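# Survey of secondary and tertiary structure
Residues per chain, in single letters:
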Amino acid sequence: MRFLALLLVACVSSARADDKPPGLLGVPVKDIDGKATTLGAVKGGKAWLIVNVASQCGYTRQYAGLQSLYDNYKAKGLVVAGFPCNDFGGQEPGSEKEIKKFCKTNFKVTFPMYAKVAIKGDDAHPLFEKLTGKDAGHPGPVGWNFNKFLVGADGKLIARFGSDVEPDSEELEKAIEKALKP
């Protein structure tokens, strides 16, 4: 009887470990309301566009394009994930509550938003350390706000786009469409 109980515990533990999202999708993050989660916890996701965002940046208008991308590709499995960051020019000074209100009021954002993170320096969030690290596939530091990282369902970085690549650019949309193909 004891053997069966141990076997059951081992099977349950193994199933839980297998439930963890792969690679970058399994890195612990907090949503904009402070709840612990992972990117992979978003149901129906097949590709994730991770973006470091800011409310007082020359690129802030890209929120509209990111929302449009999300609207156009959500049903096919695209998840846009906004990570507010104050590392570049102090352009995201607000609290999570203020950021959430700003995004909803000004851009009608419905895509997942996450807690404010540091992207560079000793306090860099582990997700961005992995996105930019030497083993990332597209390594190198983030240069400014609204950098875009396209991650596949396998949790691996597929492509990376700078701030100047608009959400409606042909380059970005082609990469997203390719990532969403079965």
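The structure displayed is predicted, hence computed values, not measured ones.

Under the defined criterion, the tally for this structure stands at four salt bridges. Residue Asp135 is joined to Lys134 by a salt bridge in which the shortest nitrogen-to-oxygen separation is 3.8 Å. On the accessibility criterion, Asp135 (68% relative accessible area) is exposed. Residue classification places Lys134 among the exposed positions, given a relative accessible area of 74%.

Attention now moves to the nonpolar core. Formed by 30 residues in total, the largest nonpolar core has its most connected members in Leu49, Tyr63, Leu78, Met113, Leu150 and Ile176. Secondary-structure elements contributing two or more residues to this core are β3 (47-53), α2 (62-73), β4 (78-84), α3 (96-107), β6 (157-161) and α5 (170-180). What Tyr63 contacts, discounting residues up to four positions off in sequence, is Val53, Ala54, Glu92, Phe102, Cys103, Phe107, Val109, Phe111, Met113 and Phe146. Of all hydrophobic cores here, the second largest spans 23 residues; its members include Val27, Phe83, Phe149 and Val151.

Further remarks concern the sheet that holds β4. Within the open sheet, the four strands sit side by side as β4-β3-β5-β6. Their pairing is mixed. Only two strands of the sheet have a single partner each, and these edge strands are β4 and β6. Put simply, the sheet's adjacent strands are angled 20° from each other on average, direction ignored. Examined bridge by bridge, β3 and β4 share seven bridges and lie parallel to one another.

What follows deals with the confidence of the model for the protein chain. Residues with a pLDDT of 70 or more make up 90% of the protein chain, whose mean pLDDT is 91. Here residues 2-17 is a poorly scored stretch, pLDDT under 50, and it has zero contacts once near neighbours within four places are set aside; other chains count.

Turning our attention to α3. A rise of 1.5 Å per residue sets the reference length of α3, with its 12 residues, at 16 Å; its end C-alpha atoms lie 16 Å apart and thus fit the reference within 8%. Restricting attention to buried positions, one finds in α3 the residues Ile99, Cys103 and Phe107. Looking down the long axis of α3, one finds its buried residues gathered within 35° of arc, a one-sided arrangement. Seen from the buried face of α3, the exposed residues on the opposite side, beyond 90 degrees, are Lys97 and Lys101. Next to the buried residues of α3 lie α2 and β4.

Looking now at the pairing of β6. Of the pairings in the sheet, the one linking strand β5 (residues 148-152) to β6 comprises four bridges and is antiparallel in character. Its bridge partner being in β6, Phe149 is matched across the sheet by Arg160. Remark: four residues form the turn of the hairpin made by β5 and β6, two consecutive strands paired antiparallel; Gly155 in that turn has positive phi of roughly 80°.

Note that Gly94 resides in the loop between β4 and α3. Each C-alpha atom of the pair Gly94 and Ala54 lies 9.4 Å from the other, and the pair is 40 residues apart in sequence. Excluding residues that lie within four positions of it along the chain, Gly94 makes contacts with Ile99 and Lys116.

Turning our attention to the side chain of Thr132. The topology assignment puts Thr132 in helix α4 (residues 126-132). Taking the relative accessible area as the measure of exposure, Thr132 reaches 15% and is therefore buried. A distance of 2.7 Å separates a polar atom in the side chain of Thr132 from the backbone oxygen of Phe128. Excluding residues that lie within four positions of it along the chain, Thr132 makes contacts with Pro139, Gly140, Val142, Phe149 and Arg160.

Rules used throughout
- All residue numbers refer to position in the chain's written sequence, counted from 1.
- With pLDDT at 70 or above as the cut-off, local features in this predicted model cover only qualifying residues; side-chain atom pairs require 80 or more to be listed or tallied, and sums for whole chains, interfaces and linings still use all residues.
- As a rule here, side-chain values cover all heavy atoms of the structure and leave hydrogens and water aside.
- Only one rule defines a salt bridge in this text: a Lys or Arg side-chain nitrogen within 4 Å of an Asp or Glu carboxyl oxygen.
- Note on exposure labels: buried denotes an accessible area under 20% of the residue type's maximum, exposed denotes more than 50%, and partly exposed covers the range between, all computed with a 1.4 Å probe on protein chains only.
- The criterion is simple. A nonpolar core is a set of buried Ala, Val, Leu, Ile, Met, Phe, Trp, Tyr and Cys residues joined through side-chain atoms within 4.5 Å.
- Only DSSP runs of H or I with at least four residues qualify as helices, and only runs of E with at least two residues qualify as strands; both kinds are numbered from the N terminus onward.
- The criterion used for residue contact is that any of the two residues' heavy atoms lie within 4.5 Å.
- Think of it this way: DSSP has to see at least two bridges between two strands before they count as a pair.
- Every axis corresponds to a line fitted to the C-alpha atoms, with the helix fit spanning only the stretch in contact, and the corresponding angles, defined between N-to-C directions, vary from 0 to 180 degrees.
- Per residue, pLDDT measures the predictor's confidence, with a range of 0 to 100.
- A helix's residues, less one, multiplied by 1.5 Å, set its expected span.
- Our arc is simply the arc of the directions from the helix axis toward the C-beta atoms.
- Counting of polar contacts relies on pairs of N or O atoms within 3.5 Å, with two restrictions inside protein: one atom must be capable of donating a hydrogen and the other of accepting it, and residues adjacent in sequence are counted only when both atoms are side-chain atoms.

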